[in-house]
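# Descriptive structure summary
Read off the chains here:
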Amino acid sequence: MASRFYVTTPIYYINDVPHLGTAYTTIAADVLCRYHRLRGHESRMLTGTDEHGLKIQRAAEARGVAPGAHADEIAAVFRATWPKLGCAPDDFIRTSEPRHKKAVQELWSRIKARGDIYLGHYEGLYCVGCEAYYTEKDLEQPGNVCPLHKKPAESVKEESYFFRLSRYGDALLDYYKRNPTFVQPASRLNEVVSFVREGLQDLSVSRTTFEWGIPVPDDPKHVMYVWFDALANYMTALREPEDNTRFWPADVHLVGKDILRFHAVYWPAFLLSAGYGEAELPRQVFAHGFLTYSGQKMSKTLRNTISPVEVATALSEAAAAALPGGPGAAAGAPLVGVDVVRYCLMRAISFGQDGDFSLQDVLSRYGSELGNALGNLLNRVLPFAEEVPAKGALGPLEEELAGAQRQAAAAAATAFDANQPTRALDAIWTVIAAANLYIDKAAPWVAKKTDPARLGTIIATLIEQLEAISVMISPVMPVVAGRMREQLGLPPIAFEEGSDRWPMALPSRAPGEKLHRGSPIFPRLEKEKEAELLARFAPPRPDAEPGKADAKAGAKVDAQAGAKADSKAAPAASGGAEVAAPPARQGKSPVAFDDFARLDLRIGVVTSAERVKKKDRLLDLRVDTGDGAPRRIISGIAASYAPEELVGKRIVVICNLPPRDFGKGLVSEGMLLTAEVEGRVRTITVEDAAPGTPVF
Ligand code: ME8
């Protein structure tokens with residue numbers, strides 16, 4: 001792996017504001033860049049705005065402002081948005097900047113000097129939405145309709161400069177062959193290869209019928225084709241204001257699958273023509289998939305309704321309000337919602353595939369993967385110590401956990417190196433599960449009573465494991481990693497070029513260092529709060545798009561209607577519309593959905609079980625339901641289970657019934673769910689959920 005890393009996002013058109021789709025690419029780039037920084041690589045991330053072309057000129061005209069003023073305004077919105085999503089690009093390039101203009105004109109001149117630009121006449125079809133030329137066979141008939149924008153392509157007939165793309169077909173095919181990972185995922189390479197094999201036509205690279213573009217050197221009545229101008233940003237940004245050209249070639253251009261052809265065909269062809277050798281072509285173009293939101297295509301209406309920053313802020317507020325001391329307790333606390341959005345985007349959609357992002361899924365991952373698995377791990381450890389305890393002899397359980405760490409760290413690093421954040425997170429979550437399982441097996445609550453030295457070993461092991469986890473999650477969740485480290489008494493991660501911070505093995509902590517137990521990082525959200533968030537960010541009804549519902553006010557009304565429509569398909573989404581009663585069925589009378597939602601049902605792991613003296617029917621259980629210490633449950637199942645059969649089982653527990661007193665100090669703090677099968681009581685079990693996982 002090179003000791004330098006350069007990642008880029010597409011530069012975004014300013015006919016739109018940042019939305020979930022553009023946030024997805026930008027967050028992915030930020031995650032990869034942060035990962036490489038951790039590995040000690042000199043790392044750089046570039047994003048920016050694509051400001052020229054007919055599409056932008058028309059967007060500005062529609063608003064009655066000059067294109068330059070429009071560009072200033074929207075570029076400022078983009079620039080201000082990325083830090084709100086935890087992204088820290090090293091540079092933000094605008095194609096209207098003089099540094100860019102100058103370098104693009106030089107590139108043009110180099111290509112022209114090689115004889116690859118000539119003057120001709122273009123006659124054909126152009127989709128302004130795509131800023132791309134089409135032939136009739138690429139369009140929907142009748143009417144030459146663009147398959148993406150659903151609008152007829154426009155006829156263009158004008159003088160134009162052409163780039164001799166047709167010259168580069170063989171060179172590109174050779175390049176793809178010698179560099180099979182140039183296009184990722186691998187399946188996308190086939191698309192690119194077949195496009196090139198079909199034969200490349202020369203490309204029209206200038207226009208004369210509008211002015212909002214970079215003038216062609218020596219022929220200023222032509223402006224450059226916006227893609228010629230835009231693709232060059234990845235290099236021009238490295239030249240000024242300071243010289244960063246050592247970062248070239250880019251390690252990866254992250255793009256959506258919609259713009260792969262421009263990056264994998266036109267861009268390397270321009271570079272080859274300008275005299276760059278194969279070693280100076282970008283190393284990889286990674287085309288990620290497209291997101292839907294709650295199953296709906298990301299239309300203009302939806303983009304306006306679902307702002308990733310608003311979703312993140314609402315999640316932060318909900319988390320702050322759920323803290324024991326209320327929102328006040330979180331005053332000044334960094335915002336966790338941003339990290340939750342980043343995590344869910346990177347985890348829920350396998351990077352490279354199309355996928356769906358929904359708030360229902362975010363809330364469920366918040367409760368289970370973040371709250372119960374990660375947050376709870378911290379909460380299960382810190383109550384046992386105020387400082388790092390001394391470690392005694394390590395046993396097989398500790399060795400097993402250290403092995404799980406080594407495996408997860410190696411797998412996650414391989415995945416991040418391959419630009420696969422989803423796989424990296426999958427690997428990291430295996431060690432989080434292993435650490436939770438280690439607590440179940442090592443039972444620190446028993447050691448606390450019987451063997452304080454053993455307790456020290458268990459807690460010190462877990463503290464070291466938590467430190468390793470804080471480092472591994474930091475590319476995706478920098479805020480959460482920081483908060484974990486504060487509670488673990490650790491400073492922020494110190495980045496240093498050449499120093500690899502990746503925890504290939506467990507770090508070690510000096511005994512006696514102070515720990516700072518704090519409030520939960522992912523406090524449990526009330527069901528009512530979840531329902532409120534689901535209603536607020538419900539997608540508009542699909543039949544309300546496009547047309548008149550494109551107006552923002554319309555979208556709001558639809559957002560509420562959408563919550564109802566959705567809940568029919570997924571009854572778990574509360575706030576759903578009541579439908580006509582179904583035909584009478586046997587059983588208990590119906591309950592309101594909200595009454596059902598008030599039950600705190602969770603996965604519990606039985607950590608111990610014993611018979612109750614003089615009460616044959618009863619077993620006295622300790623069950624870990626993710627609260628830090630196990631809860632006591634007295635259950636009348638002694639006739640059906642021997643106590644040892646229950647230990648280690650993952651059962652379903654109702655956690656919010658009032659405590660029940662069985663006399664003689666036997667107070668039960670919950671109830672197990674069971675079913676009677678052929679006269680024997682059977683517990684309801686699941687295979688592999690962490691203690692505390694909510695059951696809906
Ligand atoms: O194409 N899912 O800019 P653009 C995932 N200016 N990603 C999405 C998405 C979705 N539903 N919608 C958009 C341009 N994106 C050119 C690029 S680069 C030299 C010039 C993301 O504003 C995805 O990265 O239309 C896509 O490629 C990009 O936004 C398109 O942004």
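Residues numbered from 1 in each chain as written. Predicted model: local features only at pLDDT ≥ 70, side-chain atom pairs only at ≥ 80, totals over all residues. Heavy atoms only, no water.

## A closer look at the side chain of Thr9
Within the secondary structure, Thr9 is located in the loop between strand 1 (4-8) and strand 2 (12-13). The exposure class of Thr9 is buried, given its relative accessible area of 1%. Separated by 2.6 Å, the side chains of Thr9 and Thr47 make a polar contact. (Helix = DSSP H or I, 4+ residues; strand = E, 2+ residues; numbered from the N terminus. Buried < 20%, exposed > 50% of the residue type's maximum accessible area, 1.4 Å probe, protein only. Polar contact = N/O pair within 3.5 Å; in protein donor to acceptor, adjacent residues only side chain to side chain.)

## Observations concerning the pattern of salt bridges
A full pass over the atoms with the stated rule returns 46 salt bridges. Between Arg99 and Asp91 there is a salt bridge, with the nearest N and O atoms lying 2.9 Å from each other. Classification of Arg99 as buried rests on a relative accessible area of 10%. Two residues, Asp138 and Lys137, come together in a salt bridge whose shortest N-O distance is 3.7 Å. What emerges from the salt-bridge pattern is a single network uniting Arg347, Asp361, Arg365, Glu369 and Asp426. (Salt bridge = Lys/Arg side-chain N within 4 Å of Asp/Glu carboxyl O.)

## Let's talk about the packing of aromatic side chains
For any pair of aromatic rings, geometry is given as the distance between the ring centres together with the angle between the planes. Scanning the entire structure with this criterion turns up 30 aromatic pairs. Plain terms: the ring middles of Phe228 and Phe270 are 4.8 Å apart, the flat faces sit at 50° to each other, and that makes the pair tilted. On the criterion of sequence distance, the pair formed by Phe228 in helix 7 (residues 226-231) and Phe270 in helix 9 (residues 260-273) is long-range, its members being 42 residues apart. Summarising the burial analysis for this pair, Phe228 and Phe270 share the class buried. Counting every residue linked through ring pairs, the aromatic cluster contains Trp108, Tyr161, Phe163, Tyr168, Phe228 and Phe270. Note that Arg261 overlies the ring of Phe195, its terminal NZ or CZ placed 3.7 Å from the centroid. (Phe/Tyr/Trp six-rings, centres within 6.5 Å; stacked < 30°, edge-to-face > 60°. Lys NZ or Arg CZ within 6 Å of the ring centre and 35° of its normal.)

## So, the site of the ligand
Taken together, 24 residues lie around the ligand, and Ile11, Tyr13, Thr25, Asp50 and Leu291 are the ones closest in. Taking Leu291, its main chain carries an N or O atom lying 2.9 Å from a nitrogen atom of the ligand. Of all the secondary-structure elements, those providing two or more residues to the shell around the ligand are strand 2, helix 1 (20-38), helix 7 and helix 8 (233-236). Among the elements that make up the shell around the ligand, the one with the highest residue count is helix 1 (four residues). (Near = heavy atom within 4 Å.)

## Concerning the packing of helix 14 (residues 396-417) against helix 17 (residues 452-473)
A pair of packed helices can be characterised by two numbers: the angle between their axes and the separation between those axes. Two elements in contact, helix 14 and helix 17, have axes separated by 11 Å at closest approach and are oriented at 0°. Classified by the interaxial angle, the pair formed by helix 14 and helix 17 is roughly parallel. The segment helix 14 lies against helix 17, with Leu397, Glu398, Leu401, Gln405, Ala409 and Phe416 engaging Arg454, Thr457, Thr461, Gln465, Ala468 and Met472. (Axes fitted to C-alpha atoms, helices over the stretch in contact; angles between N-to-C directions. Parallel < 35°, antiparallel > 145°, perpendicular 65-115°, else oblique. Contact = heavy atoms within 4.5 Å.)

## Structural notes on the nonpolar core
With 189 residues, the main nonpolar core has Tyr176, Tyr225, Leu345, Leu374, Trp429 and Ile473 as its most contacted residues. For this core, the two domains that each supply at least three residues are domain 1 (4-288) and domain 2 (296-527). Dropping the residues within four chain positions of it, Ile473 is found in contact with Leu374, Ile428, Trp429, Val480, Ala481 and Met484. If you look at the next biggest cluster of nonpolar residues, it comprises 15 residues, including Ala609, Leu621, Ala638 and Cys655. (Core = buried A, V, L, I, M, F, W, Y, C linked by side-chain atoms within 4.5 Å. Domains from an automatic or database assignment.)

## Considerations on the sheet that holds strand 9 (residues 203-204)
With antiparallel pairing, four strands are arranged side by side in an open sheet as 6-5-7-9. The sheet is open, and its two edges are formed by strand 6 (132-134) and strand 9, each paired on a single side. The pairing of strand 5 (residues 117-127) with strand 6 spans three bridges and is antiparallel. What sits directly across from Cys127, in strand 6, is Ala132. (Pairing = 2+ DSSP bridges.)

## What to know about helix 15 (residues 421-442)
Here helix 15 contains 22 residues, and its C-alpha end-to-end distance of 31 Å stays within 8% of the 32 Å for a straight helix at 1.5 Å per residue. Just beyond helix 15, the residue with positive phi is Ala443, at close to 45°. (Expected span 1.5 Å × (residues − 1).)

## Observations regarding the sheet that holds strand 21 (residues 650-654)
What the five strands build is an open sheet, ordered 20-19-18-21-24; its pairing is antiparallel. Strands at the two margins of the open sheet, each flanked by one partner only, are strand 20 (631-635) and strand 24 (671-672).

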